[in-house]
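The primary structure of each chain is shown beneath.
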Amino acid sequence: MTDTSRSSDRSAGPSTHPSDASGVSDVSSAAAREAFPGAIAPATPGAGPRWPARPETAGDIGAVRAVNLAAFDTPLEADLVDALRTDGAWVPGLSYVAEAPDGSVAAHALLTVCEVGGARALALAPVAVDPALQRSGAGSSVVRALLAAARTRGESLVLVLGHPEYYPRFGFVPASRFGIRAPFEVPDGAMMALVLDDSVPVPSGTIGYPAPFGV
């Protein structure tokens, strides 16, 4: 299995998840590739005021789908976002976009509710960036803003399936350090966790994803 993250920042996704993906996956697990196509695609760094990020609005929904369709090789991520919108795992205000200088949607990142050992967590997936904006920093900008929003709302744990050379810049570490594991086989470094509130005990166990993820 986007963001956890199906990630793609072909400009710069998991995520995807992530972010800024090249579209080349290094996932060794066929199950993970099927559930999160592009999730482990490499991404590039960057963030800054050039890419202001904000919660999506109703007027962004079409552009968000278009970015996810463009960023990935199949419509699975775009369809996942649409399915999550009508699922109980959707958290209003935790679907973020980064704006290009012309005001168009340059990147998108999504957090939805999952669980670990019966405790609430968030899954980062997918992360998508307009391919025309490769390596621009739009992906990093939207991910940073989204994670900050989750922290402000009092969320305590975020999980992502993504490239282990990309997500650590946001503070992610291997989820196995906390005894957290994916419900399918993935490389240890690819399943990552970010603790947003260290006053809350970190749960351990197998991640339970919302039904739209299909795992």
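Computed from a predicted structure; not experimentally measured.

Conventions used here
- Residues numbered from 1 in each chain as written.
- Predicted model: local features only at pLDDT ≥ 70, side-chain atom pairs only at ≥ 80, totals over all residues.
- Heavy atoms only, no water.
- Helix = DSSP H or I, 4+ residues; strand = E, 2+ residues; numbered from the N terminus.
- Buried < 20%, exposed > 50% of the residue type's maximum accessible area, 1.4 Å probe, protein only.
- Pairing = 2+ DSSP bridges.
- pLDDT = per-residue confidence, 0-100.
- Contact = heavy atoms within 4.5 Å.
- Salt bridge = Lys/Arg side-chain N within 4 Å of Asp/Glu carboxyl O.
- Core = buried A, V, L, I, M, F, W, Y, C linked by side-chain atoms within 4.5 Å.
- Arc of directions from axis to C-beta.
- Polar contact = N/O pair within 3.5 Å; in protein donor to acceptor, adjacent residues only side chain to side chain.
- Axes fitted to C-alpha atoms, helices over the stretch in contact; angles between N-to-C directions.
- Nonpolar A, V, L, I, M, F, W, Y, C, P; charged D, E, K, R; others polar.

For the chain, the count of helices and strands is 4 helices and 10 strands. Reading the secondary structure of the chain in the N-to-C direction produces β-α-β-α-α-β-β-β-α-β-β-β-β-β. Burial status across the chain gives 55% buried among its 215 residues.

Moving on, we come to the pairing of strand 10 (residues 205–208). Across 2 bridges, the pairing between strand 4 (residues 105–116) and strand 10 is antiparallel. When the bridges of strand 10 are listed, E115 appears paired with G208. In this structure, strand 8 (residues 180–181) lies alongside strand 10, joined through 2 bridges in parallel fashion. Directly across from I180, in strand 10, lies its bridge partner G205.

What follows concerns the confidence of the model for the chain. Per-residue confidence for the chain gives a mean pLDDT of 83, with 77% of residues at or over 70. Long-range and interchain partners of residues 1–47, a stretch whose pLDDT sits below 50, account for 262 contacts in this model, where long-range means more than four residues apart.

Its place among the elements puts T112 in strand 4. The buried category is assigned to T112, whose relative accessible area is 0%. In this structure, T112 is in contact with L84, A89, W90, A121, L122, A123, P210 and F213, ignoring residues within four places of it in sequence.

Further remarks concern the pattern of salt bridges. A full pass over the atoms with the stated rule returns 7 salt bridges. Between E155 and R120 there is a salt bridge, with its nearest N and O atoms 2.7 Å apart. Remark: R120 occurs in strand 5 (residues 119–129) and E155 occurs in the loop between helix 4 (138–152) and strand 6 (157–161); sequence separation between them is 35 residues. The partly exposed category is assigned to R120, whose relative accessible area is 43%. Through salt bridges with shared partners, a single ionic network connects E56, R65, D79, D82 and R85.

The next thing to look at is the nonpolar core. Within the largest apolar cluster, 33 residues are counted, with the highest numbers of intra-cluster contacts made by L124, V158, Y167 and F172. For this core, the secondary-structure elements that each account for two or more residues are strand 3 (90–99), strand 4, strand 5, helix 4, strand 6 and strand 9 (191–195). A per-element tally of this core places helix 4 first, with 7 residues. If we skip the residues at most four places from it in the chain, V158 touches L111, L122, L124, L147, F172, M192, A193, L194 and L196.

Looking only at helix 3 (residues 76–85), the buried set comprises E77, A78, L80, V81, L84 and R85. Around the axis of helix 3, the buried residues are gathered within 160° of arc, so they sit on the same side.

Attention now goes to the side chain of R85. With respect to the helices, strands and loops of the structure, R85 is situated in helix 3. At 2.4 Å, the side chain of R85 and the side chain of E56 are in polar contact. Once residues within four sequence positions are removed from consideration, R85 is found in contact with E56, I61, V64 and W90.

Before going further, it helps to examine the environment of S199. Of note, S199 is situated in the loop between strand 9 and strand 10. The exposure class of S199 is exposed, given its relative accessible area of 59%. The spacing of S199 and S156 is 43 residues in sequence and 8.6 Å in space, taken between C-alpha atoms. Among the polar contacts made by the side chain of S199, one reaches the side chain of D197 at a distance of 2.6 Å.

Below, the discussion takes up unusual backbone geometry. Here the bond from A125 into P126 is cis, since omega is -5°, no more than 30 degrees from zero. Summarising the element assignment, P126 is placed in strand 5.

For the rest of this paragraph, the subject is helix 2 (residues 61–71). Those residues of helix 2 that sit buried are V64, V67, N68 and A71. Taken around the axis of helix 2, the buried residues stretch over an arc of 95°, which confines them to a single face.

Our focus in this paragraph is the packing of helix 2 against helix 3. Contact geometry for helix 2 and helix 3: axes closest at 7 Å, N-to-C directions at 145°. Every residue of helix 3 that contacts helix 2 at I61, V64, R65, N68 and L69 is listed here: E77, A78, D79, V81, D82 and R85. By residue class, the composition of the contact of helix 2 with helix 3 is 5 nonpolar, 1 polar and 5 charged.

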